[in-house]
Structures are given as C-alpha cells and as structure tokens.
Amino acid sequence: MHNHLAFLPLLIGFFLRGALGFTSPPRTSTTYHSNNFPTTTKFATADDNAPDPDDIIARRVVVTGDVDGGYYRSCVKNEASRFRKLIGTMSPPNDDDGGKRAEIYVEGKRKFIEGFVRWCERGDVGLSQAIKVESVSDESPTGLFDDFYVQTGR
C-alpha cells in the first residue's frame, strides 16, 4: 500500500462508525444491593446542564458611541447576516442623545448570537470609531425577520 493511502482504512472506519450510529456508551456505575439486582446510575457530566448551542434565541444589544457612521452600520450588517447568519434589525441612531445610541436586535442560534455579542463588546471596528455596549438583554424570538436589516431613519 502506498504511504499516502495508509490513513484511508482508519478514515473509512471512522465515518462508518458514525454513519451506523455506533457511539460510546454513557458513563455508568453498576452497584449491587442486598437483593442482588444490579442498579445502574448515570453520572452527570458538565454538558448535561449546559444550554444547547443550536437553540434559537434572541438578544437586544444597546450600543453607544459613533453608531451613526455608515461604516459601523455596514460592519454590523456584515457581521450579523453574512458571517453569522443572524436575522434582526439595527435601529437608526437615537436623535434624542445626538445620534450616539442605537439598538441591535438579533435572532439565531445561541452559539452565533453569543459570538456576535462578543464582537460588539470588542468595540474596535476600525477607523476611529469608538463603540461601547451599554446593555445586553435576552428577548423572546419573534420570527418576524427573514434577514438582517439596518434602518437609516433618514
């Protein structure tokens, strides 16, 4: 057999194992009581209580700073829709405080939403724009959006 094909049987076995549904059994412990009937206990793992990363959730992120610039708004749209496949909207800058505050509402898979919020909290989107996250709140997903929209309000 050629050296560059030596890994092929291992690779085929790996894929067949997953395709046929062979998985490792959960960790269990068997104990025997006085009546000699075994009882099995499943151990809790750290993943048992963790939220599912594929759950559909929604968050509202309030950002302050240079949010009225077109560059920042286009970066938010790209980050939410193109890179993370999230849906939702970004409100126009609030004129009551000089256009320095906006709300971002996003829906999608938990793992993508959490990554998007971390991206927002970084605040360094380039150029000389300074952005800060004022608050992040959980919302109920509405399912009203089919894409991510940036409202200009002008």
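Structure: above.
Residues numbered from 1 in each chain as written. Predicted model: local features only at pLDDT ≥ 70, side-chain atom pairs only at ≥ 80, totals over all residues. Heavy atoms only, no water.

Trainee: Give me the overall build of the protein: which residues, what numbers.
Mentor: On a plain count of helices and strands, the protein comes out with three helices and seven strands. In the protein, the order of α-helices and β-strands from amino to carboxyl end is α-β-β-β-α-β-β-α-β-β. Classification of the 154 residues of the protein by burial places 27% in the buried group. Contacts in the protein between residues far apart in sequence, at least 24 positions, make up 71% of those at least 6 positions apart. Total accessible area on the protein stands at roughly 10600 Å², and carbon and sulfur atoms take up 55% of it. (Helix = DSSP H or I, 4+ residues; strand = E, 2+ residues; numbered from the N terminus. Buried < 20%, exposed > 50% of the residue type's maximum accessible area, 1.4 Å probe, protein only. Contact = heavy atoms within 4.5 Å. Areas by Shrake-Rupley, 256 points an atom, 1.4 Å probe, with all protein chains shown as cover.)

Trainee: So what's going on with the sheet that holds strand β6 (residues 131-139)? Which residues, and what values?
Mentor: The strand order across the open sheet formed by five strands is β6-β3-β5-β4-β7, and the pairing between neighbours is mixed. Of all strands in the sheet, those with a lone pairing partner are β6 and β7 (148-150), marking the two edges. Across the sheet, the mean angle from the axis of one strand to that of its neighbour is 15 degrees, orientation sign disregarded. Pairing analysis gives three bridges linking strand β4 (residues 87-90) to β7, with the strands arranged parallel. Bridge pairing in β7 links T89 to Y149. Packing of helix α2 (residues 70-83) onto the sheet brings it into contact with β3 (56-65), β4, β5 (101-109), β6 and β7, and relative to β7 it is tilted by some 175 degrees. Packed on one face of the sheet, helix α3 (residues 110-122) meets β3, β5 and β6 and runs near 155 degrees to β5. (Pairing = 2+ DSSP bridges. Axes fitted to C-alpha atoms, helices over the stretch in contact; angles between N-to-C directions.)

Trainee: Explain α2 residue by residue, including any values.
Mentor: Taking 1.5 Å per residue, 14 residues should reach 20 Å; α2 reaches 18 Å between its end C-alpha atoms and fits that length. For α2, the complete set of buried residues consists of Y72, R73, C75, V76, E79, A80 and S81. Among the structural elements, β3, β4, β5, α3, β6 and β7 are those in contact with the buried residues of α2. Downstream of α2 by one or two residues, K85 has phi in the positive range, about 55 degrees. (Expected span 1.5 Å × (residues − 1).)

Trainee: Can you explain the environment of L144? Please cite residues and give values.
Mentor: Position of L144 among the secondary structure elements: in the loop between β6 and β7. Placed 57 residues apart in sequence, L144 and I87 show a C-alpha to C-alpha distance of 9.0 Å.

Trainee: Account for the pairing of β3, naming residues and giving values.
Mentor: β3 sits mainly inside the fold: seven of its 10 residues count as buried. Note that β3 and β5 share nine bridges and pair antiparallel. In the strand pairing of β5, I56 is matched with K109. Bridge count for β3 against β6 is eight bridges, and the pairing is antiparallel. Residue pairing in the sheet places V63 in a bridge with V133 of β6.

Trainee: Please set out the pattern of salt bridges residue by residue, giving values where relevant.
Mentor: One pass over the full model with this rule turns up nine salt bridges. E139 serves as the salt-bridge partner of R60, at 3.3 Å between the closest nitrogen and oxygen. Note that R60 is positioned in strand β3 and E139 in strand β6, a separation of 79 residues in sequence. R60 sits in the partly exposed class, given a relative accessible area of 25%. Residue D66 is joined to K100 by a salt bridge in which the shortest nitrogen-to-oxygen separation is 3.3 Å. You can see D66 sitting in the loop between β3 and α2 and its partner K100 sitting in the loop between β4 and β5, a full 34 residues away along the chain. (Salt bridge = Lys/Arg side-chain N within 4 Å of Asp/Glu carboxyl O.)

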